[in-house]
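Examination of the molecular architecture
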Amino acid sequence: MKKNFKIVDYRKVSFTFSAVIVGISIILLAVFGLKPGIDFAGGSLMEFEFATERPNNSEIMEVLEGYESVAVQSVDEKGVLIKMKFIGEEEHKDILEKVRASFETEENRVLEQRFETIGPTISTQLRERSVYIILTVIIAIVLYVAYAFRRVSRPIQSWKYGVSAIIALVHDVIITLGIFAILGRYFGVEINVAFVVALMTILGYSVNDSIVVFDRVRENLIKKGSDRFVESINQGVQDTIPRSINTSATTLLVLTALFLFGGESIHYFSLALIIGILTGTYSSIFLAAPLLATWQDLAKRKK
C-alpha cells in the first residue's frame, strides 16, 4: 500500500519558513527599494559596440562631461551601455559624434546598437498601468478559480481555493522582489518592462501549479467525500509532486541556458523567472495546498 505524504501535518513548519522569508523580503523592499530603469524613471539609453577594443568606462565618462546623471556600464567584451537623463535628438547626435571622434579608428569602428528614450510622462503611465494589470490579473484568478471549483463547496467554499492560490503567488512575487531589491542595491540591477512581464509569467506559472494540486484534491474529494478532506489534500499533493518537480526541472534547464548565454537584454528577465519558478514549485506544494486545511480549521472554530 502506498504511504500517504502527510504534508498537512507539518504545515506549521512550511508556514513559518515562508513567513520568515517573506518578512525578510518585505524588510529588504522597505529599506533598499527597487532600482527603476528608464522604463519607469524616464531617461535615455545608448548602446555602442567597438569592433576591436572597448575603451575604459572612465574614458567614456570624460568624453560625456557636461551631461547630467551619466552612468556607463560594460556589456560583454566589446559593448558599452550609457544611461543618462532624457535627451533629445540633437544631444543624441552630439554624443554619437563625440564618442566616434574620440575612439573610432579604421580598425576599431564604433557601432551604435540602440538608442532609447522615455519621457517622465510615459514612464509614470507605464508604472501605473503595470500596477493595474497585476491587480486585474489577481482578481481574475480568484474569480476563475472560484468558478472552476464551484462543485466542491464542502467542507470549504470554492472561493477559498482562489484565495489560497493568490496567497501562494503573492508569496512568490514578494520573494522575487526582495531578491531584486538586494541585486539593485549592491549590483545596480534595474527593473523595467521586461521585469514586469517576468512577474506576470510568475503569476501564471504559480497559479497553474496550485490549480493542478487543487484539481487532484477535488478528484479525491469526489471519491472519498468531504469528511476525509485532509486525507484528500495529502493524497493530492503526493500525486502531483513528481509532475511539479519534473515540469519545473525541465523549465529551469531552459531558463538557466538563457540566463548564462542569452545576452544582457534577457539576463535578469531569465533570473526573475528562475526565482519565480523555484518559489512557485515550493509554494504550490508546501503553502497553497496546506492552506486549504487551515481554512477548514478556521471554519470549525466558528461553529
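Procedures and definitions
- Residues numbered from 1 in each chain as written.
- Predicted model: local features only at pLDDT ≥ 70, side-chain atom pairs only at ≥ 80, totals over all residues.
- Heavy atoms only, no water.
- Helix = DSSP H or I, 4+ residues; strand = E, 2+ residues; numbered from the N terminus.
- Buried < 20%, exposed > 50% of the residue type's maximum accessible area, 1.4 Å probe, protein only.
- Contact = heavy atoms within 4.5 Å.
- Areas by Shrake-Rupley, 256 points an atom, 1.4 Å probe, with all protein chains shown as cover.
- Lys, Arg positive; Asp, Glu negative; His and termini not counted.
- Charge placed at Lys NZ, Arg CZ, Asp CG, Glu CD.
- Phe/Tyr/Trp six-rings, centres within 6.5 Å; stacked < 30°, edge-to-face > 60°.
- Expected span 1.5 Å × (residues − 1).
- Bend = angle between axes of the 7 residues up to and from the residue.

1. Remarks on the overall build of the protein
Scanning the protein from N- to C-terminus turns up 9 helices and 4 strands. Oriented by its inertia axes, the alpha-carbon framework of the protein measures out at about 80 × 40 × 30 Å. Taking all 303 residues of the protein together, the buried fraction comes to 42%. Intrachain contacts of the protein at a sequence separation of at least 6 include 78% that bridge at least 24 residues. Approximately 16,400 Å² of the protein is accessible, and the part contributed by carbon and sulfur atoms is 60%. For the protein, the separation between the mean place of its 32 positive charges and that of its 32 negative charges on side chains is 21 Å.

2. As for the packing of aromatic side chains
By the definition in use, this model includes 6 aromatic pairs. Taking 5.7 Å as the distance between ring centres and 85° as the angle between the ring planes, the aromatic pair formed by Phe32 and Tyr186 counts as edge-to-face. Taken together, the positions of Phe32 in the loop between helix H1 (11-31) and helix H2 (38-41) and Tyr186 in helix H6 (residues 159-187) put the pair 154 residues apart, joining distant regions of the chain. Ring geometry for Tyr282 against Phe286: centres 5.3 Å apart, planes inclined by 25°, an arrangement best described as stacked. Highlighted residues: Tyr282 and Phe286, both in helix H9 (residues 267-302), separated by 4 residues, approximately one helical turn. The class of Tyr282 is buried, set by a relative accessible area of 19%. Three or more aromatic residues link up through ring pairs in this structure, and these residues are Phe17, Tyr282 and Phe286.

3. Thoughts on helix H8 (residues 229-261)
Taking 1.5 Å of rise per residue, the 33 residues of H8 would be expected to cover 48 Å, and the 46 Å separating its terminal C-alpha atoms lies within 8% of that figure. Within H8, the axis deviates most sharply at Thr240, by approximately 40°, and proline Pro242 lies no more than four positions further along. Positive phi shows up at Gly263, right after H8, with a value of about 95°.

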